[in-house]
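What follows is each chain in one-letter form.
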Amino acid sequence: MRAFDFEKEFASWLLHVGEGESGEKIQLPPFCNPEIQDPVQQLFSDIDFKTVTPEELKGRAILTVTNDLSMQINNRVLECMPGNEVIYESIDNIVSNVPQDQLAYTEEFLNSLTPTGMPPHKLRLKPGAIIMLLRNLAPSKGLCNGTRLIVIQLQKNVIVAKKISADNNNESYPIPRIPLIPSDSNMPFQFKCKQFPIRLAFSMTINKAQGLTFDKICLDLSKPVFSHGQLYVGLSRVRSFDSVTVVSPNSEIYNCVYREVL
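Residues numbered from 1 in each chain as written. Predicted model: local features only at pLDDT ≥ 70, side-chain atom pairs only at ≥ 80, totals over all residues. Heavy atoms only, no water.

Per an unreviewed UniProt entry, the chain is named DNA helicase Pif1-like 2B domain-containing protein, and its organism is Araneus ventricosus.

**Looking at the pairing of strand β8 (residues 158–163)**
For β8, the buried fraction is high: 5 of the 6 residues fall into the buried class. Relative to β8, strand β7 (residues 148–154) runs antiparallel, the two being bridged by 5 bridges. Its bridge partner lying in β8, Val151 is registered against Ala161. Here β7 folds back onto β8 in antiparallel fashion, the turn holding 3 residues. Summarising the sheet, β8 and strand β9 (residues 172–176) pair through 5 bridges and their orientation is antiparallel. Opposite Ala161, over in β9, you have Tyr173 as the bridge partner. (Buried < 20%, exposed > 50% of the residue type's maximum accessible area, 1.4 Å probe, protein only. Helix = DSSP H or I, 4+ residues; strand = E, 2+ residues; numbered from the N terminus. Pairing = 2+ DSSP bridges.)

**Describing the sheet that holds strand β13 (residues 203–205)**
Strand order in the open sheet made by the 4 strands is β13-β2-β14-β15, with parallel pairing throughout. At either margin of the open sheet sits one strand with a lone partner, and together these are β13 and β15 (244–247). Averaged over all adjacent pairs, the angle separating strand axes in this sheet is 25°, with direction ignored. Two elements, strand β2 (residues 60–64) and β13, share 3 bridges in a ladder whose sense is parallel. Considered in β13, the bridge of Thr64 is made with Thr205. The sheet contacts of helix α4 (residues 67–80) involve β2, β13 and β14 (216–220), and relative to β13 the element is tilted by about 175°. (Axes fitted to C-alpha atoms, helices over the stretch in contact; angles between N-to-C directions. Contact = heavy atoms within 4.5 Å.)

**Describing the pairing of strand β11 (residues 191–195)**
Of the two faces of β11, the one lined by Phe191, Cys193 and Gln195 is fully buried and the one lined by Lys192 and Lys194 carries no buried residue. The sheet contact formed by strand β4 (residues 91–94) and β11 spans 4 bridges and is antiparallel. The partner of Asn93 across the bridge, within β11, is Lys192. In terms of strand pairing, strand β10 (residues 178–180) meets β11 through 3 bridges, oriented antiparallel. Along β11, the bridge assignment pairs Ile178 with Gln195.

**Observations concerning the pattern of salt bridges**
Per the stated rule, a full pass over the model turns up 3 salt bridges. Between Asp38 and Arg76 there is a salt bridge, with its nearest N and O atoms 3.0 Å apart. One end of the pair, Asp38, is in the loop between β1 (25–27) and α2 (39–44); the other, Arg76, is in helix α4, with 38 residues separating them in the sequence. (Salt bridge = Lys/Arg side-chain N within 4 Å of Asp/Glu carboxyl O.)

**Notes on the sheet that holds β10**
Here we have 3 strands laid out as an open sheet, ordered β4-β11-β10, and antiparallel in their pairing. Each end of this open sheet is capped by a strand with a single partner; those strands are β4 and β10. Across this sheet, the average inter-strand angle for adjacent strands is 20°, counted without regard to direction.

**Side note on the side chain of Arg148**
Mapped onto the fold, Arg148 is located in strand β7. Within the buried set, Arg148 has no salt-bridge partner at all; the shortest N-O distance to an opposite charge, 8.5 Å, is to Asp215. When neighbours within four sequence positions are excluded, Arg148 is seen to be in contact with Lys58, Arg60, Ile130, Ile131, Met132, Lys163, Ile164, Ala201, Met204, Leu212 and Phe214. (Lys, Arg positive; Asp, Glu negative; His and termini not counted.)

**Considerations on the environment of Leu125**
Of note, Leu125 is situated in strand β5 (residues 122–125). Judged by its relative accessible area of 0%, Leu125 is buried. What Leu125 contacts, discounting residues up to four positions off in sequence, is Leu78, Asn84, Glu85, Val86, Tyr88, Ile131, Leu154, Ile159, Ile198 and Leu200.

Rendered as structure tokens:
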């Protein structure tokens, strides 16, 4: 009963956050903003990575505001895991018939780009790592953009993984390299990247976490939220106060809510 009341209190608090009734600045409860300000230590300090199983990791995630920070955290967590790291490098080409474009946008420059929704040029993986699909591969089998999986095998041209959800009868799926074109319309050119359509998912952006539920999260707000309802989405990935911690320079955090769209 007490646990139920705790969840009810959390739901009420979330509603105030989502509707902007708490104002632009929100005072975090003390237990949500502990002294440890490292998101990796905060979320995984009670885990021994030498013996941890993927099932123990799948219910946890570090949520960030930016894509770059999420990738940095993912690589840090991967370093903590046992096993040999395998690096898959993408093949990037400019999509243009104009010779000047080929000279202006070199392969080295394209390798340095990681637009939203694209895998990194150097994809670092280990068996047992948690990954997320970035494209719809087989919707009829539940392999859609945003599906989280566990890496089973790392082969030269195929990555074998199984879904995290418990309804897949332990079936494994081969993931091939495919050509990918960024959908970012702000780029002044178009390029094609041949890579596995996945990325590590120990950490992900708040926007990418929409629709997912976790047992425990750490919300990294070292950079403040910047879009409507973003803070609410991040906090609502769990069901109670004791399932969320927040890394923030201050105990007060910014909440971006446009009341006119509610």
